[in-house]
Amino acid sequence: MNMKYSNPFFVLTTIATVLFSAFVPTIIRIGFSFHEEEGCHIHTGKPRARDVEVVPIVDAVGPESFAFDPFDEGPFTGVSNGRIIKWQENERRWIDFAATSPQSRSGCDGPHDHDRTEHICGRPLGLRFNENTGDLYIADAYMGLLVVGPEGGLANRISTRVQEVPFRFTNALDIDQNSGEIYFTDSSTQYQRRNFISVILSGDKTGRLMKYDPETQQVTILLNNLSFPNGVALSEDGNFVVFAETTTCNILKYWLKTSKAGTVEVIATMPGFPDNIKRSPRGGFWVGIHSKRTSFFEWVVSNNWIGNLVLKLPINVMRVHSILSKFGEKSGMGVRLSEKGEILELFVFEDESGKRVESISEVFERKDGKLWIGSINMGFAGLVNA
């Protein structure tokens, strides 16, 4: 190893700088601009604040994504203890609906650090109902692609690998309601969700966009060599899917039909790390932004040796990131994009005390204008009334 890398001061400075500056929002007032890149659009502006009603979740955190069943009941969401829960509006409470792991619930439930057990208990992320059958399809970070019937219970595994390569970090999905085909992402073949910071630090490009055909029960790889592919959503006409690359902060469009079928293009670069994507009933797509990106981050990504150096050190990178993130500004937001990638709306979300909702994973818009706000680590779901 180069002598300067063995210097303790250099090592500690590198750790603090990389983990804080690159992946923790800086303590500045919200307001940003980003520059045009190939295939991207310029937007300069300041997000508007929206008041959020807090809908508490008991003994778990991280309502990552939302789905409503064919009877418009819900939302349903997956949380940190491996359960999928359902919101009962008339009773104003969550009830258990399904679980993604057959593991005994005795070691999974209850108020403890679920990060330590999620690889055993499951961590459901993307959710979507087949509106024709009432089945709920689930992308679980550890258990793969699953399905559970309208009555709930233990979900059944559909697929856990493709071309003999296991899913390592199954993330998001959407369904073509006409064909039943499922489009989903596997964020990395090297790192699991509980080490998601390593996916970014290492410059990992093993992510995949895939399709599951329920008729043939086969999985097809549509794109590979992706940098942390995350949220995915099908266009209204079914001609393309859009998906997020968290590491690059890009939103990409993959064409399924028309003369462009099989091609991919970048349509926007986000002002922060994008997570889930959901189609808006008013047109376009909502993108959940986990946190702002910084100019230092651009430098880190273009110099992978920095991140790989940190990963070789005898430290728990996720733990350090978790501690440092408590000191940064909460800069998660929701962005609505047009199908061409133009930014139509930007929101930050605040509770009644003025505290900003952090680590936003998803914005799910209902036809009545209400917005359900997801997060990877908050102990509640957010609800914004129209």
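Everything numeric in this text was worked out from a predicted model, so none of it was measured.

As a further point, take the overall build of the chain. What the chain contains, in helices and strands, is seven helices and 30 strands. Residues counted as buried form 57% of the 386 residues belonging to the chain. Contacts spanning at least 24 positions in sequence make up 54% of the contacts within the chain whose residues lie at least 6 apart. Surface summary for the chain: the accessible area is close to 16,700 Å², and the carbon and sulfur share equals 49%.

On to the sheet that holds strand β24 (residues 272-279). Either a parallel or an antiparallel arrangement is found when strands of a sheet pair, and the pairing is made through backbone hydrogen bonds. One open sheet holds the five strands; their spatial order is β3-β27-β26-β25-β24, and the pairing between them is mixed. At either end of the open sheet lies a strand with only one pairing partner, and these are β3 (48-51) and β24. The average angle at which neighbouring strand axes cross in this sheet is 30°, direction not considered.

Attention now moves to the state of the cysteines. Covalent bonding between the sulfur atoms of two cysteines is what defines a disulfide. A full pass over the atoms with the stated rule returns one disulfide. Here C108 is linked by a disulfide to C121, with a sulfur-sulfur distance of 2.0 Å. Here C108 and C121 share a disulfide; its torsion about the S-S bond, -85°, makes the bridge left-handed. Of this pair, C108 sits in the loop between β8 (93-99) and α3 (118-121) while C121 sits in helix α3, and the two are 13 residues apart along the sequence. With a relative accessible area of 1%, C121 lands in the buried category.

Residue position: T189 is located in the loop between β17 (182-186) and α4 (196-201). Distance in space between the C-alpha atoms of T189 and T170 is 9.5 Å, their sequence separation being 19 residues. If we skip the residues at most four places from it in the chain, T189 touches V165, R168, T206 and R208.

Our next topic: the pairing of strand β28 (residues 360-365). Most of β28 sits out of view: six of its six residues are buried. The pairing of β28 with strand β29 (residues 371-375) spans five bridges and is classified as antiparallel. Directly across from F364, in β29, lies its bridge partner W372. Taking the residues that link successive antiparallel strands as the turn, the β28-β29 hairpin has five residues, and the phi of G369 there is positive, at about 95°.

Looking now at the packing of aromatic side chains. All chains considered together, the criterion is met by twelve aromatic pairs. Between the aromatic rings of F66 and W372, the centroid separation amounts to 5.9 Å while the plane-to-plane angle is 50°, which identifies the pairing as tilted. Within this pair, whereas F66 is found in strand β5 (residues 66-67), its partner W372 is found in strand β29, the two being separated by 306 residues in sequence. In this pair, the class of F66 matches that of W372, namely buried. Centre to centre, the rings of F68 and F364 are 5.4 Å apart; their planes meet at 45°, and the pair counts as tilted. Of this pair, F68 sits in the loop between β5 and β6 (76-78) while F364 sits in strand β28, and the two are 296 residues apart along the sequence.

Time to look at the pairing of β24. Counting buried positions along β24 yields seven of eight residues, so the element is predominantly enclosed. As defined by bridge partners, β24 adjoins strand β25 (residues 285-292) across five bridges and the pair is classed as antiparallel. Bridging across to β25, R279 finds its partner in F285. Taking the residues that link successive antiparallel strands as the turn, the β24-β25 hairpin has five residues, and the phi of G283 there is positive, at about 105°.

Moving on, we come to unusual backbone geometry. Cis geometry marks the peptide bond from G74 to P75, where omega comes out at 15°. Its place among the elements puts P75 in the loop between β5 and β6. Of note in this structure, D59 is not a glycine but carries a positive phi near 60°. With respect to the helices and strands, the residue D59 is situated in the loop between β4 (53-56) and β5. Classification of D59 as partly exposed rests on a relative accessible area of 38%. Within the chain, D72 stands out as a residue other than glycine whose phi angle is a positive 70°. If you trace the backbone, D72 turns up in the loop between β5 and β6.

On to the side chain of N130, then. Assignment of secondary structure puts N130 in the loop between β9 (124-129) and β10 (136-140). A polar contact of 2.8 Å, which involves the side chain of N130, links it to the backbone nitrogen of N132. Only 3.2 Å separates the side chain of N130 from the backbone nitrogen of T133, close enough to count as a polar contact. When residues no more than four places from it in sequence are discounted, the contact partners of N130 are P70, D135, Y137, I175, Q177 and G180.

Attention now goes to the nonpolar core. If you look at the biggest cluster of nonpolar residues, it comprises 29 residues, and the most contacted ones within it are I84, F97, L136, I138 and V148. Among the secondary structure elements, those contributing two or more residues to this core are β8, β9, β10, β11 (144-148), α4 and α7 (317-325). Looking at this core, the element that brings in the most residues is α4, giving five residues. Ignoring sequence-local partners within four residues, the contact set of I138 consists of I84, T100, P124, G126, L127, G144, L145, L146, V148, A155 and L173. Core analysis: the next-biggest nonpolar cluster, separate from the first, contains 19 residues, A233, V242, A268 and V348 among them.

Rules and cut-offs
- For every chain, the first residue of its written sequence is number 1, and the numbers climb from 1 along that sequence.
- Given that the model is predicted, a residue must reach a pLDDT of at least 70 before its local features are reported, and side-chain atom pairs must reach 80 or more before they are shown or counted; all residues, however, enter totals for whole chains, interfaces and linings.
- Note that water and hydrogens are dropped before the side-chain values are worked out from all heavy atoms of the structure.
- For helices the rule is a DSSP run of H or I covering at least 4 residues; for strands it is a run of E covering at least 2, with both sets numbered from the N terminus onward.
- When a residue's accessible area, from a 1.4 Å probe over protein chains only, is under 20% of the maximum for its type it is buried; when over 50% it is exposed; and in between it is partly exposed.
- Whether two residues touch is decided by their heavy atoms; if any such pair falls within 4.5 Å, the residues are in contact.
- Accessible surface is estimated by sampling points in the Shrake-Rupley manner with a 1.4 Å probe; for residues, cover comes only from the protein chains shown.
- Only strands joined by at least two bridges in the DSSP assignment are considered to pair.
- Axis lines are fitted through C-alpha atoms, for helices just across the contact stretch, and the angle between N-to-C directions can take any value from 0 to 180 degrees.
- In this description, a disulfide is simply a cysteine sulfur pair whose atoms lie within 2.5 Å.
- Between the rings of Phe, Tyr and Trp (Trp by its six-membered ring), a pair exists once the centres lie within 6.5 Å; its type follows the angle of the planes, with under 30 degrees stacked, over 60 edge-to-face, and the other angles tilted.
- Distance and chemistry together define a polar contact, namely a pair of N or O atoms within 3.5 Å, with one atom able to donate a hydrogen and the other to accept it when in protein, and with adjacent residues in sequence counting only for side-chain atoms on both sides.
- The term nonpolar core refers to a set of buried residues drawn from Ala, Val, Leu, Ile, Met, Phe, Trp, Tyr and Cys, joined through side-chain atoms within 4.5 Å.

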